[in-house]
Amino acid sequence: MSGSRYGEIAEALRRSILEGEYPVGALLPSESDLAARWGASRGTVRQAVGLLASEGLVGSRQGARRVVLRQERRHSFAQLTSFAQWAQAMGCEVSSRILTRTTRRVGAEEASRLGVARDSEVLYVLRLRRLDGEPVLVERTAYTDWVAPAVRDLPDDCVSIMNSIAGSAGIVAHYGEHLIDAVAAGSEDARLLGVRRGSPLLRQRYLTYTAAGRPIEWTDDRYLPGSVAFAVSNSAAAAPLERHAGPSVTPHPVRAS
C-alpha cells in the first residue's frame, strides 16, 4: 500500500471497482462526496481518482464524477510499486518462490545497466510468481553487491523482495526505468509457465535506483500473455509534439503518352 493519503484512497476505490461495487459504466461518487467519506481534501481525492484514471480504470469526468471503464489487471507506471503491491491492490492472491540464488560475474548488459565494472559480482535470482495460484511471471534479477546480503537472508517464499529489503535494510527504490517488448519462451520459461517453447511472452526489463541514484537491481520479467496490461499515461502539455512543414516538393511534369 502506498504510504500517501491519496494512495490509500486510490487503493480502496480500486478494490471497490475490482470487486464490482462500481461496475463498468457506473459513476464514481463526486469528489465532494468522496472527500467527506474519507475526511480528506478535494485535492487529495482528485489525486487518488487521477491515479485510477492513469491505470485506465476510470475515464473522463461527467460533471463532477468519473465513469468506470474497465476492471482488467492493469499495472500503471504512474507510481513505482512492486509486483506484490500491485497484485494485492488488484485483489489477487500473490505468491512467489525463489528457485535459485547464484553469485556470479556480471554480464555485459548488467554491467552497463548497473554501472559496475565487468569483473564485479552480482547476486542472480530466478523466481516464479503466481497470481491466484497460477504461474504468470518468471523473474530474473541481478542485485548489486551492496544489496546482495539483504536478499540472501530472505526466505524462498518471500512475497516481495523489494518490500522486505526496504523494511530490513532500508534499501528503498525511488526511481525506475522500464523497457517493454515481446520475446519467445525459451525452454526454462516454457517449463515454468506451462507453455510451449517459442510461445510469445510479454517482457518487462527495468532498473531501479535509490533516492540518491544508486542502482539496486536490473530485472528481466517475462509474463504470460493476458496476465497483465501495462498502462502508460502521457500528455502533450508535458512534451508537446511539434509539427514542422516538410521540404517543398516540386512536382515532376507529366508527359503525355
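Residues numbered from 1 in each chain as written. Predicted model: local features only at pLDDT ≥ 70, side-chain atom pairs only at ≥ 80, totals over all residues. Heavy atoms only, no water.

Outline the pairing of strand 9 (residues 215–223), listing residues and values.
Of all nine residues making up strand 9, nine are buried, and the element is well covered by its neighbours. Where strand 6 (residues 134–143) and strand 9 come together, seven bridges link them in antiparallel fashion. Bridged to glutamate 139 within strand 9 is aspartate 221. Relative to strand 9, strand 8 (residues 200–209) is paired through eight bridges, and the arrangement is antiparallel. The partner of arginine 203 across the bridge, within strand 9, is arginine 222. Where strand 8 hands over to strand 9, the hairpin turn is made up of five residues, of which glycine 213 adopts a positive phi near 85 degrees. (Buried < 20%, exposed > 50% of the residue type's maximum accessible area, 1.4 Å probe, protein only. Helix = DSSP H or I, 4+ residues; strand = E, 2+ residues; numbered from the N terminus. Pairing = 2+ DSSP bridges.)

I'd love a proper account of the environment of arginine 129, names of residues and values included.
Its location among the elements puts arginine 129 in strand 5 (residues 121–131). The exposure class assigned to arginine 129 is buried, which follows from its relative accessible area of 2%. A C-alpha to C-alpha distance of 9.9 Å links arginine 129 and leucine 192, two positions 63 residues apart in sequence. When sequence neighbours within four positions are dropped, the list of residues in contact with arginine 129 reads Phe83, Ala84, Ser95, Ser96, Glu134, Pro135, Val136, Leu137, Glu139 and Val159. (Contact = heavy atoms within 4.5 Å.)

Would you mind going over unusual backbone geometry in detail, with residue names and values included?
If you check the backbone angles, aspartate 132 has positive phi at about 50 degrees while not being a glycine. Inspection of the secondary structure puts aspartate 132 in the loop between strand 5 and strand 6.

Nothing here speaks to function; it is all geometry.
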